[in-house]
Every structure is written in structure tokens, then in C-alpha cells.
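# Structure assessment
Each chain, written out:
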Amino acid sequence: MITRRHVLPVFVLLLNFLSSNTNSQSILDSLAIEVTGTSREFAYTNKETAFYYGETNSDNTSSWQGFNVFGHEFLDDYAILVDGVELKRSSALKATVYPDHLERTYPNGIIEQLRIADSIALFAVIISSPKPVKVDIIPYFTDGRNGEDFQVDISGGTALVAQRNHLARTDRDNYPVWLAIHGEGFLSNIKDAKTDGQASPVILSANKSKSHMISFAVADNGEEAKEIAEHCQENAAAYFNKRRERMEKLLSETAVETGNKRFDKALAWAKLSLDALIMNQVAKGIFAGLPWFNNYWGRDTFISLPGATLVQGRFTEAKQIIRSFAAFQQIDSLSTDYGRIPNIVTTTDKAYNTADGTPRFAMMALDYIERSGDSAFVQEIYPVIKRSIQGTIRYHNDSLGFLVHGDAETWMDAVGPDGPWSPRGNRANDIQALWSKQLHVGQQLAAIVEDTNFSSFCSERGKKLRNNFNRFFLNSDGTIDHLNADGTSDRQIRPNQIFTSNLLSMEQRARVLHSVVSYLTYEYGVASLWQEDMNFHPFHQNEPYYPKDAAYHNGTVWTWLQGPVISELCAFGKHELAYKVTENTIHQILDRGAVGTQSELLDAIARPGQVEPSLSGTFSQAWNLAEFVRNFYDDYLGIRVERYNHHLMLRPMLPKSLGKVNASINLNGRALPIEVDQSSDPQTVTINAENLKIGGTARVELRAHNGEVVTTDFHLPAKSVVRIELRDTMISLSVNRIKANPIPVITALARYDSILGPLSFATPKIKPRLKALKGPDYPLISHSVIKRTNPDAKALIDASDPVGDDVGSGAYVYPKHPTFVPGCFDITHFTVRCDNENAYFSLRFKALSNPGWHPEYGFQLTYVAIAIDEDGIAGSGTQLVPQNSSYLLNEHNAYEKLILVGGGVQLEDKSGKIIAAYIPTSPDIASPLGSTETGTISFALPLAYLGKPAGGWTFTVLTGGQDDHGGSGLGEFRTVNKGAGEWNGGGKTRSDSPNVYDVLITTAK
């Protein structure tokens, strides 16, 4: 329970905040990034369940921006008025983004700060001025359009706001609903304000003062939210200083100083932006990315875990995350998911639809044990690892020992209405490599716990897998991408082969590296498909030619893939080439996109007139930040400390740009300082083990300037300082300043030049006549045509439908996520009008939802199929309505034409051939298909495509939930199950019942 206590007057706290930057510069202050002119995105999390996402130099521009708590948005934006005039962010002289807060400086000396608190769902806006000013603040919301969409309680300087659709949550829902807005000296009043599609039911105002603070807090009930907001006013310094201290402690414990200041700054920002994604929502985990992957994904988590925790010595958090996912393991032995770790964990649901999350979980469990030395964890985690292997053997193994899986169960998992966009079933190369590592983990842990039979079993399975992988996957260029279910080989050139090094010889690894670097890697990242492939998509978003998910894994650059590519380049001594990709990552973190972080994706090719490829996907993604951090420690510095085996390995491969490196290796709070200088002659390495309680063995491998590798093994005593020098190929060693006699092993560098050749990155280019750039093979209807109107057109249909009959076969309920506004599947009125050129359709619903993910639609999550029986002849058309409707028309109403409405409009004939389609583009936001204000979707179709409607035409209108599978495009009917989930409806009593909530049937006069 939070207790209230008076600490300092608010204005004193504000002055302390503002003056903190004028004192001796802290670590965080040295990382400041100034933004002037063009706005950049920024985000802060509270490391629990909340994040604030906004713009530095403009109003928020995306529906995703604002204050989000427990997967739900509570505030879109706010406006500040100073002496009655709005403080326009575009007028700010500069916006300075610090790791812990944002600061905007305005011409009149006014400074605005935005700060978020750790652990509680709270942020504060602080205004200071050289002279006393009156301040008003207006909070804005896009999920509500009018005052009646909110419940507002006023209590002096506090406004309590709840969206009514949040208040309708069920007992199963566990998200908070109340937002408290509080300011000392403020008065709150009802105000129904609107601007740019945003609404506000309240305004807070304060009399003149030099400093003002407004706190925003979210909680389960109003009183709790109010108490948190008020408590912040009294304890702001403690809240915000605690946050700064946490960040500075993290950077101090993992301090790195190189000869490249931009690299140092980017690395520090990457650590903090990555740390910001380590959350405690449901359990300890790592958000995959912001803003829309604000949940836990198995594969993303365990790809991210080394960089986020293990290489930084944050073993306690690593263990908590591994335990969280172990608790989510499927333990039902009758389920085909038996033994699997979930692919995704949301606030309400889990899904196990991935083949790679479980092997990566097992790999990280062993990696954690080796690095942390936590031998007791072996007994705890071993049953989970054993079960994961047994489940795979039982349900997902073939006669060759390969792990078999679905088309969309690898990381290339984008699915559309017609199935996966990049199917890789049923045996992908990376999955086999990961399965091999999972078996290795089972073998190792079984040996430790003396389960010798299972250890031998895993060993034999691993040998069989490796032998068959060499038989079926290798080719002259590297490896094939996957084996199809019929045994044929898919030979598309994709980057997944870079993960197969554990199954390959060095010669084979060299061929794979050559293929991935030469064909797929640009200086700015790794493409998901070779640019010479006719299915290559150079741009992630390219409306109206294809939905963005079509390009997601078919050309788009994924920034996380640079991690394994850099690792392999360093393994072959190509660190200078690798660092070119790292330099571009530094540029992205410091200069592009969201401040201090890196986007999930880039276009594969820069668009005409652009210098660089456009950023895309999430603005901050965990696994690429983690790989950037991991590459430094594992590959460039080349250090691995295995506390379990009492062993240290150091293989530095420092690019010249980094110069001398000083790093403090964190071992769960104990420091192991290391200094490496490979640019000097002699090369020097100093290892300060004074904080180590236990000694062990060490191996240092240095690459001489002539290319030869010099390796020395020695004992690393506890509490010692070791210095190693390499001159030419002569090595010297001293321990605590006492010279030792090392036994160096000199190895002539293995030559793979005949395979690698003069290795260089791919040159970006667009192959002529790419399928993706041709557009569809059917006519596209323009926005100007689809939105034509003619109030004088002849009425053909004017039909009403009862309110509240959106219950499907009798008891359907909506999905539980509040974006499914009650009534958005409930059609109440349907009209068709016609003139000599067009038919004009209007569908009115009880309500429509517009979560803002695709504002060019004007609505979302509602899907409509309009089946048109033109001839009235029984059985002459098609009865089964497609797009996952599972709805069978009466044979007397079988259709000849079908209109589908969701993320666009599509007209098909009875065979499913598309006659014409309208695909919305970004500019269409000015006049979209749907309007939440009126609950209406309206559009026109040219009679040249539809045919002229006539008397006797029967229209069957089916409505339900729209599912675009998290991407974009037309979508399909959302599945209804027996029980409702966050994103699926419930109430089915038969599995073959339709996924349709409401039906209207009417015949033209």
C-alpha cells in the first residue's frame, strides 16, 4: 500500500530536476541526443507493464503513441496551454532525449519535461518558466469520440477518466481501467474538446507559477489511481532519482570505453533500450518490440537473452526469464505441443505454434548454467529440457531424425488469408541446427545428473541428425533452405543457413558465409531473400501492390540477422568487413528513427530519391539490440567467462576503429576488468582478476599482424592481475608482475580464400520485371472511384436489421480485447443505390472500432461478405462463402458475385476469381471507407465490374470479426472458438459452425 507523506514543495522539486543537468555531468547526461527540426520518436518503459511512446518535436502522429499499460492504451496525447496559448512542440528550439527523460526547450524560456517512474504505471509532465505562467493541460484520446464514451469523476485537482468499454471488462480480464490526472494547485473541469480525430472529456487548469507538475497514473480503481498520482507529486525526486540510479548502475557495472566515442554512446543506448524491454508483465520476460509486440515471444526472448543478460553478467534476470518460460511449458502429454515452450505469451493467452522457440530455450538454459556457474539450476531445469526433447521425438520427428514442423512455425511466420507468405515446411535448415543443439543440451545435462541412458540417447540422435543433414541439405553454395513435405528441396537463397554452422565443417561454413554475405548482406543489414529471386520484395510497404506481410520475409532487411553474420565473419577473420554493418547500426541508433534504439526492419533497397532504405516495423526491437550488444562481447572483444567450468576464453577480434578497449566484465555484481590493445606492437591484454574468488584455466588467442594465430593456455589465479604481450608471434605472460613461461601454440591461419574469395557485400539493385512491382493481375479501383457518391441514385435496397442480434448461432460473444467495440459486428442497416455508372453500398453498424493501426481504413476489426445471387436459380452459384466464414448459403441464394469488405474492398466471381479490388493507401485517411462517428462503411463499385443490379437480385450480408493475421490487407473472418480469448470470439457449440455473427438477407425490388 502506498502511503502519503509530504516531502518538499513541488516547485523546489522541479528546480532540482532542472538544475541536475547543470551539475557535473552524469553518465546519463553524457548520452543526451538533441533533436531539432524534424521530429523523432522516443519511448520509455517502467520495466513492469507500462510504456510511454511519443514524438520529440511534434504532436503524436500514430495511434500506437501515448501511454500504454498492460497491453491497453490509456492516453493518446496531451496539449499544454501556457497563458492560454498552446505550447506547440514544433516550435521548440530543441528536444533533448536522455535515457531516463525527455526535455523540450522553447523560445520563451519554458522547459517541458516528461518523466516516467519505474515499477508503477505513472508518468509526469513538468513545466518550468522564468516567470510565473498559467498552465492548462488537455489529455486526448482516440479510442473515444465523444464525452459519453468516458466516465469522468472530478475531485479538485484530480480528474479520473475511464473508457466505458474498459469498464465493461469481465472478471477474467485483469487489465486496469482508470487513469488519474493530478496536479497540485490545479482544478479539473469537464471539457468536451476535439482536435484531429482526438477527443478529450476534461481539462486541468492551474494559476500562475514558475513550476507546474501534472502526473498521470493508471490503476485498477479510481481511488488507487488517484493515490498514486498524488503520491508522485510529493515524492517525485525519489521516484525519478531511483530510476536514474538504476540506469547508471547498469552502465557502470558493464562499463566499456573504446577509441570510438560514437560506438561507446550507441552501445550504452542499446543496453538501456534493451533493458527497457525487460518487463514484468504476467511474469519476468522481454517485450519482443515496441509498440505492438508489447508481450513475450519465445524465440525472440531466447535470441535476445545473451545480449540482454548473459554477456552483461545479469544472471539473476536471466534465471527469472528462463523460469518464467519453463512454467509455461506444455505438459499435457496428449497434446501435439507436448514439451514445447510457448511462441507467444500475452496478458491473457499463450500459443505454442513455433518450432524454434523450444530449442532456443534449451540452448539458453545451458548457456546460463555455463556462464553463471549456477550448478543447482541443473536439477531444476533438467526435467523441463528432457520433456521438451521427448515431446519433439513423439510428435515432431521423422525417420531421418529431422524435426518436422508447419509452414509458418519458423521465425519466417507471416500468414495471410491464403496461408503463409514464405512457407518453409516441413524441415527447415535452421530448425535442424537448433534441434541438434537442443539434443546437445539434453546430452550435457543428462550426463551431469547421471541420467546416462538419456545422455546416450541424445548423443545417438544428434549423430544421426548430423549425418542426414549432410546428406540432404548441403549443396555447392551452402545449404538448401528447407525440405518440402514431399522430400523435394527448396533452393531459394535465404539467410537461415547462417544458423547451421554447428552441423558443418569449416569448409562448408565458409561456403555458407560466402553465400549469405555476397547474396543477402548489404552494409545496412541482411535481406530475407536474394534480390535476384523473382519473389523478392524490395520495399516492406508498397501499397497498393501488396500487403506488407507479403514482403515481411521475402526481401525485407531484418536488423537482428546481422548478429550471426557478424559472428561468422569474425570467426573467419573478417572483422573489418563485419564492422561496416556495425557502423550502420551505430548510425541507426544515434541518428535515425526512434532515439537511442533500432527498428525491427528496413526496406531492402532505398526507394527512388532516397539516400538510405526506409526504416520499418517496430521502432524498437529486442533481438537486434541484443545482437548488437552480444557481437561486441562475444565477437569483437571475444570474451567468454564460464564460471561453471572455471574457465575464461579471450579471442579478441577488434576492428581498427575501436582502438584500445577497456571493459568491465560484470559477473553478477563482481567486476572483471579487461584491457585489450590490438592496434599496438606489441599487442597487449591485461586481465584484472582481483575480484575473482576462485581461479581457473584461461585461454587467450591472439591474431598476429602476419595473420598467424597464437594461443596460450595458463592458470588464472584468484585475485590476480595477468598481462599478456604478443610481438610478432612471440608471447610473454606475467602474473602479478611475475613473469611466467607460457607455452604458445602457433597456428598458420587456415586459408579459405578459394571459397570466400575477395568477400564483399551485395550491391543493392532491383531486378527488372519483379513480380512484386507489377501489381495484381486484376484491375485496381482508385480511391476517387470507391468513394464516389450520388444521393440521387435509384434506391435498390433499403433494409434494416434488428439491434443486438450479433450472436451467431445463438450464443456468440466478442473477443475480449477492448478494441472489439460492442456492436461492431452488428449490422443494423444496409442500402444499395444505383445509377448508370456505379452501385453505391452503405452498411451501418451499431458501432465501429478504429484502433488506428490502419487509419486509411477508417475502421478495423469488422469483416463483411456480401453474397449476391443474380439469377435466383437454385444451385447455379456457389454456396460456401470463403475467407474462413464456414457459412453455407441456402442453395436458392447461392452467389454469382461476392463482395468482401475489410482492409479494402474485393469483388470476386463465383469461382473465386478476383474481378477488381480497392486497396487503401496512406493518403486515403482523408476519406476512408468507414466512419466510427456514424458507424457506417460506404463505397461505390463500377457497374463495369459488378454488372447492373436488377430486381430479384438477393443480397446476403454476413458480418463478423476481421483477421488480417497481424499484418495488413483485406483479411478474413476471425475464428470463433468454444471459449472467447483476447483475439478470438467464443460461444461455438459445434466446431463446424460459421464464424459469422450477424446475417441480413434482402432481395432487390
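Here the structure is a predicted model, which means the values were calculated and not measured. (Residues numbered from 1 in each chain as written. Predicted model: local features only at pLDDT ≥ 70, side-chain atom pairs only at ≥ 80, totals over all residues. Heavy atoms only, no water.)

## Structural notes on the pairing of strand E49 (residues 838-845)
- Within E49, six of the eight residues are buried, leaving the element largely enclosed by the surrounding structure.
- Here strand E48 (residues 827-834) folds back onto E49 in antiparallel fashion, the turn holding three residues.
- Here E49 pairs with strand E57 (residues 936-942) via seven bridges, running antiparallel. Within E57, the position partnered with Phe841 by the bridge is Phe939. (Buried < 20%, exposed > 50% of the residue type's maximum accessible area, 1.4 Å probe, protein only. Helix = DSSP H or I, 4+ residues; strand = E, 2+ residues; numbered from the N terminus. Pairing = 2+ DSSP bridges.)

## Quick notes on the environment of Phe499
- If you trace the backbone, Phe499 turns up in the loop between strand E29 (489-490) and helix H12 (506-520).
- Overall, Phe499 belongs to the buried group, its relative accessible area being 12%.
- Residue contacts for Phe499: discarding those within four places in its chain leaves Arg360, Asp430, Ala433, Trp560, Leu561 and Pro564. (Contact = heavy atoms within 4.5 Å.)

## So, the sheet that holds strand E17 (residues 256-257)
- If you trace the seven strands from one edge of the open sheet to the other, you get E17-E38-E39-E40-E43-E44-E45, paired in antiparallel fashion. Across the chains shown, the open sheet's two edge strands, defined by having one partner strand only, are E17 and strand E45 (738-740).
- Alignment of E17 against strand E38 (residues 661-667), held across two bridges, turns out to be antiparallel. Its bridge partner being in E38, Val256 is matched across the sheet by Ala663.

## With respect to the sheet that holds E57
- Sheet architecture is open: five strands sit in the order E47-E48-E49-E57-E56, paired in antiparallel fashion. Only two strands of the sheet have a single partner each, and these edge strands are strand E47 (794-800) and strand E56 (930-931).
- Where E48 and E49 come together, seven bridges link them in antiparallel fashion. Of the residues in E49, the one forming a bridge with Ile827 is Phe845.

## Focus: the side chain of Glu409
- Note on placement: Glu409 falls in the loop between helix H9 (376-395) and strand E23 (415-416).
- For Glu409, the residues in contact, after removing those within four places along its chain, are Arg299, Arg340, Asn353, Thr354, Ala355 and Asp356.

## Side note on the packing of aromatic side chains
- Overall, the coordinates contain 49 aromatic pairs when judged by the stated rule.
- Taking 6.5 Å as the distance between ring centres and 45° as the angle between the ring planes, the aromatic pair formed by Phe263 and Tyr579 counts as tilted. Linking Phe263 in helix H5 (residues 261-275) with Tyr579 in helix H15 (residues 575-591), this pair joins segments that are 316 residues apart in sequence. Considered together, Phe263 and Tyr579 belong to a single accessibility category, that of buried residues.
- On the basis of an interplanar angle of 75° and a centroid distance of 5.2 Å, the ring pair of Phe302 and Phe325 is categorised as edge-to-face. With Phe302 in helix H6 (residues 298-310) and Phe325 in helix H7 (residues 315-327), the pair connects residues that are 23 residues apart, well separated along the chain. Across the pair, exposure class does not vary: Phe302 and Phe325 are buried alike.
- Through successive ring pairs, a cluster of aromatic residues spans Trp64, Trp292, Phe293, Trp297, Tyr812, Tyr814, Phe820, Phe825, Trp853, Trp983 and Tyr997.
- In this arrangement the basic side chain of Arg360 is found over the ring face of Phe499, its NZ or CZ atom lying 5.3 Å from the centre.
- A cation over an aromatic ring shows up here: Lys548 above the ring of Trp292, its NZ or CZ 5.4 Å from the ring centre. (Phe/Tyr/Trp six-rings, centres within 6.5 Å; stacked < 30°, edge-to-face > 60°. Lys NZ or Arg CZ within 6 Å of the ring centre and 35° of its normal.)

## Quick notes on the side chain of Ser188
- Its location among the elements puts Ser188 in strand E15 (residues 186-195).
- On the accessibility criterion, Ser188 (5% relative accessible area) is buried.
- A distance of 2.9 Å separates the side chain of Ser188 from the backbone oxygen of Gly156, its partner in a polar contact.
- Within the structure, Ser188 has its side chain in polar contact with the backbone oxygen of Thr158 (distance 3.1 Å). (Polar contact = N/O pair within 3.5 Å; in protein donor to acceptor, adjacent residues only side chain to side chain.)

## Structural notes on the pattern of salt bridges
- In total, this model carries 47 salt bridges according to the counting rule given.
- Close ionic contact of Arg424 with Asp430 constitutes a salt bridge, the shortest N to O distance being 2.9 Å. We note that Arg424, like Asp430, is buried.
- Between Arg723 and Glu725 there is a salt bridge, with the nearest N and O atoms lying 3.4 Å from each other.
- With a relative accessible area of 33%, Arg723 lands in the partly exposed category.
- Take Glu725: its relative accessible area is 26%, and that puts it in the partly exposed class.
- The network of salt bridges with common partners includes Asp367, Glu370, Arg371, Glu627, Arg630, Asp634, Asp635, Arg640 and Glu642. (Salt bridge = Lys/Arg side-chain N within 4 Å of Asp/Glu carboxyl O.)

## Considering the packing of helix H8 (residues 357-372) against H9
- Packing of H8 against H9 brings their axes to within 11 Å, and their N-to-C directions diverge by 160°. Here H9 runs roughly antiparallel to H8, going by the angle between their axes. Seen along the crossing, H8 lies across H9 with a hand that is left-handed. Touching Thr358, Phe361, Ala362, Ala365, Tyr368 and Ile369 of H8 are Phe377, Val378, Ile381, Val384, Ile385 and Ser388, all from H9.
- A per-class count over the contact of H8 with H9 returns 10 nonpolar, two polar and no charged. (Axes fitted to C-alpha atoms, helices over the stretch in contact; angles between N-to-C directions. Parallel < 35°, antiparallel > 145°, perpendicular 65-115°, else oblique. Left-handed = near helix turned anticlockwise from the far one by under 90°. Nonpolar A, V, L, I, M, F, W, Y, C, P; charged D, E, K, R; others polar.)

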